[in-house]
Structure formats: structure tokens, C-alpha cells
Amino acid sequence: MHEFKYKKNKFYCENVPLELLAEEFKTPLYVYSHKTLVDHFRKIKLAFSEFKPLICYSVKSNANLNILRILIREGAGLDVVSGGELYKALKAQVKPSKIVFASVGKTDEEIREALKADILFFNVESVPELENINRIAKKFKKKANVAIRVNPDVDAKTHEYITTSKKENKFGIDLKVAKEIFSSTDKYEYLNLNGIHLHIGSQITTAKPYKDALKKIITFIKANKIRLDYINLGGGLGIIYDDEKPQTAESFAKAIAPLLRKIKARLILEPGRFIVGNSGALVAKVLYVKDAPTKTFVITDTAMNDLMRPALYKAFHAIVLLEKSKSYFKKLVDIVGPVCETGDFLGKSRKFHKVKSGGFLVVLGAGAYGFSMSSNYNARPRAAEVLVKGNKYYLIRKRETYQDLIATDVKVKGI
Ligand SMILES: Cc1ncc(COP(=O)(O)O)c(C=O)c1O
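Residues numbered from 1 in each chain as written. Predicted model: local features only at pLDDT ≥ 70, side-chain atom pairs only at ≥ 80, totals over all residues.

**Student:** Please clarify how the nonpolar core should be interpreted in this entry.
**Tutor:** Across soluble globular proteins, you tend to see nonpolar side chains buried next to one another. Within the largest apolar cluster, 112 residues are counted, with the highest numbers of intra-cluster contacts made by Leu29, Val31, Leu78, Ile99, Val146, Val283 and Val362. A domain-level breakdown of this core finds at least three residues from each of domain 1 (4–32 + 277–406) and domain 2 (34–272). Those residues within four positions of valine 31 in sequence are excluded, and the remaining contacts are Cys13, Leu18, Leu21, Gly280, Ala281, Val283, Val386 and Val388. (Core = buried A, V, L, I, M, F, W, Y, C linked by C-beta atoms within 7 Å. Buried ≥ 20, exposed ≤ 12 C-beta atoms within 10 Å, placed from the backbone. Domains from an automatic or database assignment. Contact = placed C-beta atoms within 7 Å.)

**Student:** So what exactly am I meant to see when it comes to the site of the ligand here?
**Tutor:** Around the ligand, the structure places 16 residues, and the nearest of them are Ser58, Ser202, Gly235, Gly272 and Arg273. When its residues are assigned to classes, the shell around the ligand shows five nonpolar, eight polar and three charged. (Near = placed C-beta within 6 Å. Nonpolar A, V, L, I, M, F, W, Y, C, P; charged D, E, K, R; others polar.)

**Student:** What's the story with helix H3 (residues 65–73) in this structure? I'm lost.
**Tutor:** Along an α-helix, residues three or four positions apart point the same way, because every turn accommodates 3.6 residues. Buried within H3 we find Ile67, Leu68, Ile70 and Leu71. For H3, the angular spread of the buried residues around the axis is 160 degrees, confining them to a single face. On its buried side, H3 packs onto strand E4 (29–33), helix H2 (34–47), strand E5 (54–58), strand E6 (77–80), helix H4 (83–91) and helix H10 (273–276). Glycine 75 lies just past H3 and shows a positive phi near 110 degrees. (Helix = DSSP H or I, 4+ residues; strand = E, 2+ residues; numbered from the N terminus. Arc of directions from axis to C-beta.)

**Student:** Can you walk me through the sheet that holds strand E2 (residues 10–13) in this structure?
**Tutor:** Sheet strands line up and pair through hydrogen bonds in the backbone, either parallel or antiparallel. The three strands lie next to each other as E1-E2-E3, forming an open sheet whose pairing is antiparallel. Lying at the two open borders of the sheet, with one neighbouring strand each, are strand E1 (4–7) and strand E3 (16–17). Bridge count between E1 and E2: four bridges; the pairing is antiparallel. Within the sheet, the bridge partner assigned to lysine 5 lies in E2 and is tyrosine 12. (Pairing = 2+ DSSP bridges.)

**Student:** Sorry if this is basic, but what is going on with the packing of H2 against helix H9 (residues 249–260) here?
**Tutor:** Helix-helix packing is described using two parameters, namely the angle between the two axes and the distance between the axes. Where H2 meets H9, the closest approach of the two axes is 8 Å, and the angle between their N-to-C directions is 25 degrees. Classified by the interaxial angle, the pair formed by H2 and H9 is roughly parallel. Considering the relative orientation of H2 and H9, their crossing is right-handed. Within the contact between the two elements, H2 uses Lys43, Ile44 and Ala47 and H9 uses Ala249, Glu250, Phe252 and Ala253. (Axes fitted to C-alpha atoms, helices over the stretch in contact; angles between N-to-C directions. Parallel < 35°, antiparallel > 145°, perpendicular 65-115°, else oblique. Left-handed = near helix turned anticlockwise from the far one by under 90°.)

**Student:** Looking at this structure, I do not really get unusual backbone geometry. What am I missing?
**Tutor:** Most peptide bonds adopt trans geometry, and most residues besides glycine take a negative phi value. With an omega of -5 degrees, the peptide bond between threonine 27 and proline 28 qualifies as cis. Looking at the secondary structure, you find proline 28 in the loop between helix H1 (18–25) and E4. For alanine 379, which is not glycine, the phi torsion reads 50 degrees and is therefore positive. Mapped onto the secondary structure, alanine 379 falls in the loop between strand E19 (360–363) and strand E20 (384–389). Owing to 9 C-beta atoms within 10 Å, alanine 379 belongs among the exposed residues under this scheme.

Below, the structure written as C-alpha cells:
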């Protein structure tokens, strides 16, 4: 459930018509619903309440400081994957003891920053990384908490680019190697090897792959008599973009609870998409309608640099007009942006309502991996972001300017 819907003929976010925001803040414009955001966080919290988990919202899905602050106020910790995300997490004033740090390639600098900040633990993905954190922690004369990210070789049955736990993926440590690590903890004097981390993929719609992974982990823990303080299940809960019927947080929790009860350790979850995905939408303005021989192209001012998911994963997002219309274009419609790539589309081969130049449309389910994946490709300033709360709305990120586009270019004389 989310708070984006038609009221009579106009499309609203909570109690604010999106057209009003599009006119005031211009387009492309990301709009977020405060209520949807908070509701989704609370749904997970409630579903897993038996385990009193630390829910570390995955910053990569949407890293706006205001979004982070709202979730922190709800009790969230944060899952970060870079020095930049750690910086933002600390700026948002999350307690460092609620930060977990993943990533297959943490630099020395990032490891030092995390040790300095005193985060809860590192999710570690290789033996060389383990040795490196041990070496750096020694200099800090500190013991770092470490969860070994294991790769249980399960198929999450999602898009191949967001499948992360098959043995051919770069993520995690094979169980055989993990066994060697846990049986040689003495080698890592400056590490507390006290956690196991899993993140099997993203946009997962059933509990089955989680259950498969958890069963393997339980067997592994028992066989090797491993004592854990933390079991980190990662993120990955799927949402509705099209006609998916993903499990609810409640049914997901119910399905895996019997397995979780067998692991005596604090539960950590790292959801991103589930919390913020349906909390955000991207408003675009129609520039031209081009009638081509086989299709109609609705050309908007919003492109793959603003929302990368269709180009990257051929992801489907529902797209609707801000002003309801009853008539349809005769031909199938591609809704595209102005970027010089054939892969630049928001929607492809849709039966789509008639719209004219100057009309507005909105791409739904754009809150996760929307703005956070956006770029300046084709020298396009990144979009503004607005948060709606009831009747009120707030600019939470300014639109970039042309000056921003050149702010870090260095003018070198004589070349
Ligand atoms: C380690 C880790 N945790 C959590 C997440 C969040 O995943 P999702 O947004 O699907 O919940 C990701 C996403 O890539 C991840 O890599």
C-alpha cells in the first residue's frame, strides 16, 4: 500500500496534487510520501518484533539525509557500503553502534573511518579483506566486530544483476572457506568474528530462497560449533512494480521465524527497497509526442540518468498521467527521455493514455535505486526531491544547476 493515488481526476501524493509540485519545483522531480516510508519501516519492525531486530536501512537504496533522519527517528540503524555512505550516516546522526558496513572492496581509508567512528560491525567478504581489517585494527589497538558474509549458493530467482548468492557471484565467502576462518580465529587477534551475514539478492518475492539459505547456515553453525552474537539476514524483500505478488513482511517473518529461533544471536535486517521503493515517484513533463511508423513515442524531460532501472534491468515501472484521461493512443507507446541512447526509456510498448506536449506523467515505485542511481550523463543536472507529509511538502534536495555540473572540473592552463 502506498499514498500515491487519484482523487477524482488528479493524481496525489498524500494530500498534495503532484501537478502543483511539478509546477512549483519543475521536472524531473522525485516526490516521496512520508507516511508510506514510515508505514513500511513499521511493517517490518512489527513483523519481526519477536526477535527485536536491529533494522539497518540500506542507505544505497535512497541516501537523502532527510529520509535517513526520518528512519533513524523510527529506530533504524543504517547499512552502508562506502566511506561516502558512512559520512552521510554520521551526518544524519545515527548512533555509530547502529551502523553495519558491507561492500566487497573496502579501502584502507574506509576501514580507518569506520574504526574511528566505532561502528557496530563490518560485513566481510574475503580472506584478504579480513587480514586487512585485522592489520588496520591493530594500529587502532581496537578489536573490530566482524560478520562473515557467506555465499550459501542459493538462487534468489530474481534478475541476474541483483542475484548475489550464487557461487559464481562476486559476493560473500564460500562455506568451506568460512569454516576455515571460524576455525582459525586466533589468526585474527584484532577481530571479534562474532557474526554471519547473508544478502542473497534483491526484489525477492518469496521466502523460499531465504529458507534455503538459513537451513544451510544453521547446519553450518551446528557442525562447526560456532557461537554468534549477530545473524544478519541482509535485505532483498520485493515490492510491487507491476503484477508481482510479493509476500508481506508479516508472512515473510512467519515463514522464516522457526529457522531464526534456532539461531541464538541478535537479528539484523538490512531492507532498502521494501522501505523506500513505493514511497517515491518520479514526475516527468511531456515535451513532444512523436508518431512513428510502428509506435508512438512520448518524449519526456526525464531520462535514464534520472531513473536508471529500466535501462539497467529492463525494469518495469507503472506510469500514469497526473490528469486522468479516458482515451488511449492507437499504437503502442514508448515513454522515453532525451538522452542519446536507445536504452533510454521509462516504459516500453505500453498501451498508454493519450497525452499532449506539456502534460505530466509520473513513474511509480521510484523511491529505491531511483535518485541514488541517478547521474549527470549528457550533462543533465540531477533532479530535485520533495517530501510530502499530509498537506505539507518540503524540498529535501535542490535541483542541481549548470554550475554544479562544472564545479569539480579543474581548469588547467596550457593543455
Ligand atoms: C549487503 C546489502 N544489504 C542490503 C541491501 C538492500 O537490498 P534491498 O534494497 O533489496 O532490500 C543490499 C542491496 O544491494 C545489499 O547489497
